[in-house]
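For reference, the chains in residue letters:
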Amino acid sequence: MRAAVLRNKTVRARTIEDPVPGPGQLLVRSLACGICASDLHFMDHPEAGLDDDSGMSTYDPDVDIVMGHEYCAEIVGHGPGTERRIPVGARVSSLPILVVPGGRRIIGQNPESPGGFGELFLLTEALTRPVTSDLPSELVCVADAIAVGWSAASRARSSTREVPLVIGCGAIGLSTVAALRSLGVGPVVAADLVASRRETATAMGADVVVDPAEVSPYEAWREAAGAGDVGCVVFECVGLPGVLDSIIKGSTRGTRIFSMGGPPQGDVLHTLTAKRKGIGIQFGGGPTPDHWNEAFEAVCSGRLDVRPMLGRTVGLDEVPAALDAARAADAPARIVVVP
């Protein structure tokens, strides 16, 4: 098969061997796969995974890795021991986890679990869900990004006496905005330095958007919250050093922070300030299977419209240039690979 292959921090399209499904696995053809910031983090910062002994995400510079974990695919074949509950030819997606004899692997972040930047890859049958609508594959694949924000918004359990503030309107920030709106939480305040991303945040359901270079997000939040005893829940969706600490410094007393950015190089926080303000911080992690399934259904049914997040589509030969383009601050929320 052809694939955009990562090796020694370089990606190029070439021909490699087809993957072979093992017990409980499906062989699928990639129809569309989004480029995620975590793909960039994985290839740019292999040192970030050195302390992870789970084996789920493994970077080896001397071994081929096919990235891509936000996908819509078509079933080509069933591996041994599968129930074959979804037929060949069906469109599917899944939580990006491949179960192998040695444990679990993140699809697209391990030599054992190639992803959607190739023509063929493998899925775990038990985690695979059929696409039950005619939604284009380029939009279906955005569901995985939506699941991250959906999970954070769900776990936040915001009350009617809280107003959310989303810092950063990349794909995860936008997915958080959309999830909050879908869950009936609001008004939603969103902040980003880039005008195009603020426009997309409005399209995804933000009630108030601000440019932090011109207006303090915390002042905008106070105005939206109005008078009275209203709490603040901040969703940090930037992932650059210093942002989480700036939220600690800028937030009001008793603020709850959900940090989903996670800069690979780590960060330094003024924990005494957080202590004095009684600030609670919860770090994101991936979505739970239930939250992933809920987000997938919301996207596939059209109940949550992800069209504003979609930028352009590219072929395998264009993946290296598209990865570079995705690094730009004004890049669309999703550039999608169509092998």
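Described below are features of the structure shown in this document. Sequence order as written defines the numbering, with residues in each chain counted from 1. Given that this is a predicted model, residues contribute local features only at a pLDDT of at least 70 and side-chain atom pairs are listed and counted only at 80 or more, while totals for whole chains, interfaces and linings are drawn from all residues. Only heavy atoms go into the side-chain values, all of them from the structure, while hydrogens and water stay out.

The next thing to look at is the layout of surface pockets. One number sums up the size of the second largest pocket: a volume of about 200 Å³. Within this scheme a cavity is a closed region of a 1 Å grid, computed over the protein atoms alone, that accommodates a 1.4 Å probe without allowing it to escape, whereas a pocket is open but has protein on both sides within 12 Å along at least five of seven lines; lining residues each have an atom within 4 Å of a point. Lining of the second largest pocket is provided by 14 residues; of these, Ile16, Glu17, Pro19, Pro111 and Pro114 occupy positions nearest its centre. Only Asp, Glu, Lys and Arg are considered charged, only Ala, Val, Leu, Ile, Met, Phe, Trp, Tyr, Cys and Pro nonpolar, and every remaining residue, Gly among them, polar. Among the residues forming the lining of the second largest pocket, the class breakdown is nine nonpolar, one polar and four charged. Grid points are joined across faces, edges and corners, and a volume is the space filled by probe spheres set on the points.

This paragraph deals with the sheet that holds strand 14 (residues 256–259). Spatial ordering of the open sheet is given by 12-11-10-13-14-15, a layout of six strands whose pairing is parallel. Single-partner strands in this sheet number two, and they are strand 12 (208–210) and strand 15 (280–283). Shown here is a sheet whose adjacent strand axes are inclined to one another by a mean of 20 degrees, direction ignored. We treat two strands as partners when DSSP finds at least two bridges between them. Working definition: helices are DSSP H or I runs of at least four residues, strands are E runs of at least two. Numbering for both runs from the N terminus. Note that strand 14 and strand 15 share four bridges and pair parallel. Pairing of Ile257 across the sheet is with Ile281, part of strand 15. In this analysis, axes come from line fits to C-alpha atoms, helices being fitted only over the stretch in contact, and the angle between any two N-to-C directions falls in the range 0 to 180 degrees.

Further remarks concern the side chain of Ser154. One can find Ser154 in helix 3 (residues 143–156). For this analysis, residues touch if any pair of their heavy atoms sits within 4.5 Å. Discounting chain neighbours no more than four positions away, the residues touching Ser154 are Leu183 and His291.

On to the pattern of salt bridges. Put simply, a salt bridge is a Lys or Arg side-chain nitrogen that is within 4 Å of an Asp or Glu carboxyl oxygen. Under the counting rule described, the total for this entry stands at 14 salt bridges. Asp64 is the salt-bridge partner of Arg7, the closest N and O atoms lying 2.8 Å from each other. With Arg7 in strand 1 (residues 2–7) and Asp64 in the loop between helix 1 (37–44) and strand 4 (70–78), the pair connects residues that are 57 residues apart, well separated along the chain. Residue Arg7 is classed as partly exposed on the basis of its relative accessible area, which comes to 38%. Across the salt bridge formed by Lys249 and Asp245, the nearest N and O atoms sit 3.4 Å from each other. In this pair, Lys249 and Asp245 both sit in helix 7 (residues 243–250), four residues apart, roughly one turn of the helix. The cut-offs for exposure are 20% and 50% of the maximum accessible area for each residue type, with area from a 1.4 Å probe on protein chains only; residues under the lower value are buried, those over the upper are exposed, and the others partly exposed. Classification of Lys249 by relative accessible area gives partly exposed; the value is 46%. Judged by its relative accessible area of 7%, Asp245 is buried. Salt bridges sharing common partners tie together Arg7, Arg14 and Asp64.

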